[in-house]
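Each chain, letter by letter, is given below.
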Amino acid sequence: MTPQNRPHPLARPLTPAEVESSRTAHGSNTLSVKGKKSFFRRFLGNLNDPVIRILLGALGLNLLFSLTGEGVDWAETGGIALAVLLATLISTLSEQGSEAAFSRLSEACGQATCKARRRFDEVDGTGSVAEIPVSEVVAGDILLLSAGEMIPADGVLLSGSLQVDQSPMTGESREVEKRPLPHREVPPTDLSPADPHALLRGCLIPGGSGEMLVTRVGDATALGRISEEVQEDTRESPLKRRLTKLAGQISRMGYVAAGLVAVVFLLSVFLLDSGFDGGIILQKLSDWRYVWAQCFHALTLGLTVLVVAVPEGLPMMIAVVLSSNIKKMAKDQVLVRKPVGIEAAGSMNLLFTDKTGTLTEGKLSVGRILTGDGTVFRDVTDLKKAAPTLFGFFSEACAVNTSSVAGRDGEGTLRALGGNATDRALLEAVLPFSKGSHGTVRFTVPFDSEKKTSCAVGTRDGRDVLYVKGAPERLMGRLTDAYRPDGTRGSLDRSALAKRIQAMTERGGRVILCAEAVAGRAAILTKARLEGGDYGALTLVCILLLTDKIRPEAPESVKKLRRAGVHVVMMTGDNRDTARSIAESCGILGRGVDGVVDHTELAAMSDGEVKALLPRLGVVARALPADKSRLVRLAQEEGLVVGMTGDGINDAPALKRADVGFAMGSGTQVAKDAGDIIILDNNLSSIVRAVLYGRTVFKSIRKFITLQLTMNLCAVGVTMICPFFGVDAPVTVVQMLWINLIMDTLGGLAFAGEAPLPSYMEEAPKGRDEPILGRYMISEILWLGGFTVALCLFFLKCPLITGQFRSAKDDIYLLTAFFALFIFSSVFNCFNARTDRLNLFAGLHRNKGFCLIMAAVLGVQILFVYVGGAVLRTAPLTAKELGVTFLLALTVFPAEGVRKVWRRLSGKGEGY
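Rules of the game
Residues numbered from 1 in each chain as written. Predicted model: local features only at pLDDT ≥ 70, side-chain atom pairs only at ≥ 80, totals over all residues. Heavy atoms only, no water. Core = buried A, V, L, I, M, F, W, Y, C linked by side-chain atoms within 4.5 Å. Buried < 20%, exposed > 50% of the residue type's maximum accessible area, 1.4 Å probe, protein only. Helix = DSSP H or I, 4+ residues; strand = E, 2+ residues; numbered from the N terminus. Contact = heavy atoms within 4.5 Å. Salt bridge = Lys/Arg side-chain N within 4 Å of Asp/Glu carboxyl O. Phe/Tyr/Trp six-rings, centres within 6.5 Å; stacked < 30°, edge-to-face > 60°. Lys NZ or Arg CZ within 6 Å of the ring centre and 35° of its normal. Pairing = 2+ DSSP bridges. Axes fitted to C-alpha atoms, helices over the stretch in contact; angles between N-to-C directions. Polar contact = N/O pair within 3.5 Å; in protein donor to acceptor, adjacent residues only side chain to side chain. Expected span 1.5 Å × (residues − 1). Left-handed = near helix turned anticlockwise from the far one by under 90°. Patch = residues over 30% accessible without salt bridge, like charges linked within 9 Å, V, L, I, M, F, W, Y side chains within 5 Å. Areas by Shrake-Rupley, 256 points an atom, 1.4 Å probe, with all protein chains shown as cover. Parallel < 35°, antiparallel > 145°, perpendicular 65-115°, else oblique. Nonpolar A, V, L, I, M, F, W, Y, C, P; charged D, E, K, R; others polar.

## Looking at the nonpolar core
Counting residues in hydrophobic clusters, the biggest one holds 116 residues, and the most contacted among them are Phe662, Ile705 and Phe795. Among the elements that make up this core, the one with the highest residue count is helix H26 (residues 684-721) (18 residues). In contact with Phe662, not counting residues within four places along its chain, are Ala345, Met348, Leu351, Gly643, Met644, Thr645, Gly646, Leu655, Ile677, Ile679, Ile687 and Ala690. Counting residues in each nonpolar core, the second largest holds 59 residues, with Leu157, Leu181, Leu191 and Phe352 among its members.

## Side note on the pattern of salt bridges
Oppositely charged side chains may form a pair once their charged atoms are brought near each other. Applying the stated criterion across every chain, the model contains 35 salt bridges. In this structure, Glu763 engages Lys699 in a salt bridge whose closest nitrogen and oxygen atoms are separated by 3.1 Å. Residue Glu763 is located in the loop between helix H27 (733-752) and helix H28 (775-797), and its partner Lys699 is located in helix H26; the two are separated by 64 residues in the primary sequence. Residue classification places Lys699 among the buried residues on the basis of a relative accessible area of 5%. For Glu896, the salt bridge goes to Arg899, with nearest N and O atoms at 2.7 Å. With Glu896 and Arg899 both in helix H34 (residues 892-905), this residue pair falls three residues apart, about one helical turn.

## Examining the packing of aromatic side chains
Per the counting criterion, the structure on display carries 11 aromatic pairs. Consider the rings of Phe393 and Tyr483, whose centres lie 4.5 Å apart with planes at 35 degrees: the pair is tilted. Here the residue Phe393 occupies a position in helix H14 (residues 388-400), and Tyr483 occupies one in strand S17 (residues 479-483), the gap between them amounting to 90 residues. Seen from their ring centres, Phe828 and Phe893 are 5.2 Å apart, and the 40 degrees between their planes marks the pair as tilted. On the criterion of sequence distance, the pair formed by Phe828 in helix H30 (residues 812-834) and Phe893 in helix H34 is long-range, its members being 65 residues apart. For Phe828, a relative accessible area of 5% translates into the label buried. Taken together through their ring pairs, the aromatic side chains of Phe751, Phe824, Phe828, Phe831, Phe850, Phe886 and Phe893 make up a single cluster. Lying over the aromatic face of Phe698, Arg242 brings its terminal NZ or CZ to 4.7 Å of the ring centre. Just above the ring of Tyr813 sits the side chain of Arg806; from NZ or CZ to the centre is 3.9 Å.

## Some thoughts on the sheet that holds strand S24 (residues 642-646)
A sheet is described by the order of its strands in space; here eight strands give the open sequence S8-S26-S25-S24-S9-S21-S23-S22, paired in mixed fashion. Two strands close off the open sheet at either side, each with one partner strand: strand S8 (334-336) and strand S22 (595-598). Taking each pair of neighbouring strands and ignoring which way they run, the sheet shows an average axis angle of 20 degrees. Both strand S9 (residues 350-354) and strand S21 (residues 567-571) contribute to a ladder of five bridges, which runs parallel. Note on S21: the bridge partner recorded for Thr353 is Met570. Against the sheet, helix H12 (residues 340-347) engages S8, strand S25 (660-664) and strand S26 (677-679), with an angle of about 105 degrees to S25.

## Some words on the side chain of Arg630
Looking at the element boundaries, Arg630 is found in helix H23 (residues 625-637). Arg630 gets classed as buried once you look at its relative accessible area, which sits at 17%. Of note is the side chain of Arg630, whose polar atom sits 2.7 Å from the backbone oxygen of Met605. Setting aside residues no more than four positions away along its own chain, Arg630 makes contact with Leu602, Ala603, Met605, Ser606, Asp607 and Val610.

## Quick look at unusual backbone geometry
Even without being glycine, Gln333 reaches a positive phi, approximately 65 degrees. Checked against the element boundaries, Gln333 lands in the loop between helix H11 (314-331) and S8. Residue classification places Gln333 among the partly exposed residues on the basis of a relative accessible area of 33%. A positive phi is found at Asp811, a non-glycine position, where the angle reads about 50 degrees. Within the element layout of this structure, Asp811 appears in the loop between helix H29 (799-802) and H30. Residue classification places Asp811 among the partly exposed positions, given a relative accessible area of 44%.

## Here we look at the environment of Thr358
Within the secondary structure, Thr358 sits in the loop between S9 and strand S10 (360-370). The spatial distance from the C-alpha of Thr358 to the C-alpha of Ile687 is 9.7 Å, given a sequence separation of 329 residues. Leaving out residues up to four positions away in the same chain, Thr358 has contacts with Thr353, Arg551, Thr645, Met664, Asn682 and Leu684.

## Description of H26
Helix length check: H26 (38 residues) gives 55 Å between terminal C-alpha atoms against 56 Å at 1.5 Å per residue, within 8%. The element H26 is extensively covered by neighbouring structure, given that 34 of its 38 residues are classed as buried.

## A word on the packing of H28 against H34
Running from N to C, H28 and H34 cross one another at 145 degrees; their axes reach a closest spacing of 10 Å. As for how H28 packs across H34, the hand of that crossing is right-handed. On H34, the residues that touch Tyr776, Ser779, Glu780, Trp783, Leu784, Phe787, Thr788 and Leu791 of H28 are Val892, Ala895, Glu896, Arg899, Lys900 and Arg903.

## Points about the side chain of Glu516
For Glu516, the location among the structural elements is in strand S19 (residues 510-518). Within the structure, Glu516 has its side chain in polar contact with the side chain of Arg460 (distance 2.7 Å). A polar contact is formed between the side chain of Glu516 and the side chain of Tyr483, at a distance of 2.6 Å. For Glu516, the residues in contact, after removing those within four places along its chain, are Phe393, Arg460, Val465, Leu466, Tyr467, Tyr483, Leu538, Thr539 and Val541.

## Digging into the environment of Gln735
Of note, Gln735 is situated in helix H27. Residue classification places Gln735 among the buried positions, given a relative accessible area of 0%. Considered as a pair, Gln735 and Val871 are 136 residues apart in the sequence and their alpha carbons are 8.9 Å apart.

## Some points on a nonpolar patch on the surface
A grouping of Ile862, Leu863, Tyr866 and Val867 is seen on the molecular surface, where their side chains present a nonpolar patch of about 350 Å² in accessible area. Mapped onto the fold, Ile862 is located in helix H31 (residues 848-867).

## Section: the packing of H12 against H26
Running from amino to carboxyl end, H12 crosses H26 at an angle of 100 degrees, the nearest separation of the two axes being 6 Å. Comparing the axis directions of H12 and H26 gives the class roughly perpendicular. Contact residues: H12 offers Ile342, Glu343, Ala345 and Gly346, while H26 offers Ala690, Val691, Tyr693, Gly694, Arg695, Val697 and Phe698. The class makeup of the residues in the contact of H12 with H26 is seven nonpolar, two polar and two charged.

By themselves, these are just geometric observations and shouldn't be taken as functional.
Given below as structure tokens:
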């Protein structure tokens, strides 16, 4: 028995007792599950949201009023309670779905079965084959593997030969040949995809068969370590962080406003109403019951200001704007799993992207073609057009010497099916030009990993033809001549050809040599001879470069991201030279970005050194899963908003750890569940659109907050100041309900339709700690809010204005017009808040819903004037009265225009 045929000394099947002993020592082949939060616990946890806390405080104050006998606005109370319930429920449902990541991982790995060789008695030396669940595999088991199966545990190959697709672990699409562990070697303690004998759980076997020794199971496998990382909690999203700051800002402003109102009321009661008469003031202060009553009323007024100042529509608006943009993004091949991922995408300033399938097409294809005389063709199409005879020889070689077959895929497209990646690429290259059969195929000798060649014998013009392809270094010595482009044979300069092959190799990709030999007698080409690698003298057909082509839109997408302030870093399993070449072609390197490191160099660097390298890092070659997670963590420690793309199981931890994880639509389900956004077409251009939508969402939120706080300031100001001017109830409770409807629901719907403008991609990304309430917004809120309050007071107290309205009991016509003025000015302020440009109509045609909603509000308000009656405290106005009111409301436009011009002239041109 030859050494190659002897059983491997480690291929000793386990007995039942040894199986139990191994399970006790090393654990089972299941993945641990950390304790999950129940739906109710998540719901309670989400009540701790910063804005929700403010709403709960406002709800408590409203109920407090009812207990003190001050009365309660049940419409306001119900609206706040509904906003809290819906916003918390939506957030809880979203988070609950993210738990599917580990659940799917565990279910997919635990339900499958595999074949194990075990001994069921001491006499049975070789053991018997039994089919067992993957979960029952233990360390030391001998497993039988074949094509189409998934590797159920970590271990080493003991016998046979396997083609392994390690893309779930490495992200690289090329298949890897795995060889048996030599008899005298000991299995390594730490297995890696680069080990020629290592087999990792979760990887697929496209071809071959063999036996493996299991060395690690369950949580100890590479997949198990990844599953632990997937279950780790991630940091809060940029949006939640900003909302926390916003809640603090609103709270502080509310406290200040409440304090001012209370103090002003007490000063009015004790000083103004007393005419500053010391005796009267002392008399009031000496009556403790009177003092207590007035102080309690001042406290009530202050608490009322806090309630009114709360933007109860904000959580619902965020839900509406996110939902609206999720639907739009789905049409652009971007599926959002976690709504907060949209806004995070807009804030992203660093993107770690895979090469395979994102920057490239994700499959091998024929690139440049080199002939023996040095002629280079760009691709197969160029070869067919310029050298049809030579193309015929090449086409025959691809169609005959292959393990793939031509067939229709699920969509009816003619494709190369089965076989290895190289055979599929070559067959697909000639399928569009194929006219049918290339003669009879006598026999084939499949690809051999040791010889690095494959061959087949077919017929041409009644004679046998040997077609050979493989690694150039294995076939160069057998070449005697070469075909010229015109199909004739010529001499061959091996030295010059070797240099050209070296140059092609350095460009990245896989170099394949195609050759043939026309036999004089069929008996010479025997299968036994060819299986031994005795091909005889060969004629070179061509040398071709198989590459994973760069997507045509990838360079432009990288350019757009960099222009938008997003630093792009490519992570790949390729070698350093190939990675650099691809990065340069995509435009990732350049303009201050020149850092190219591989895994070994990165591992040798301290965290501080990596952080210093980040601003100029462009490429990480030979990247491992741990590199991705580490880079995400370090970038986040630097305050960056980090995006990560991925499609494999190995990418899941980094996808979840990143601020926004982009999972590829063709990737594993585990990666999709760990990601925030799924890119259905695996295209970097779709990530560009996701960034644009994210920035649009953030701007829409800012616009809505500007409108709501402006109207809140106006409502608080009018409600609190007017009583000091003799108008006790300028706005009724029912009227305030209509105002709240405009602010909360209709305003949210209007701003949710804001279109993504290309100009947003010319701006720098917002910092993670940048507050929602910026200086531009504060100036607009104070200016417009203050102007609108002054406009309302001017309307109510200026004789020139009041004289335009008919006199009546309780000033019903004036108050009706005031209600209309408030609504009209609110609608016009929606236009002011919608854009930071001087042209209020900029981009308005792309948000038709905004115009329809605003027109509907104006129409309903005019209708209320004439049919509201006692319910809305309105009376019909004349055309003149309504016209005066409308014209006064229009003054908010020039007022806001003055502010915008002043800011531009003073050099403060920033906007939303």
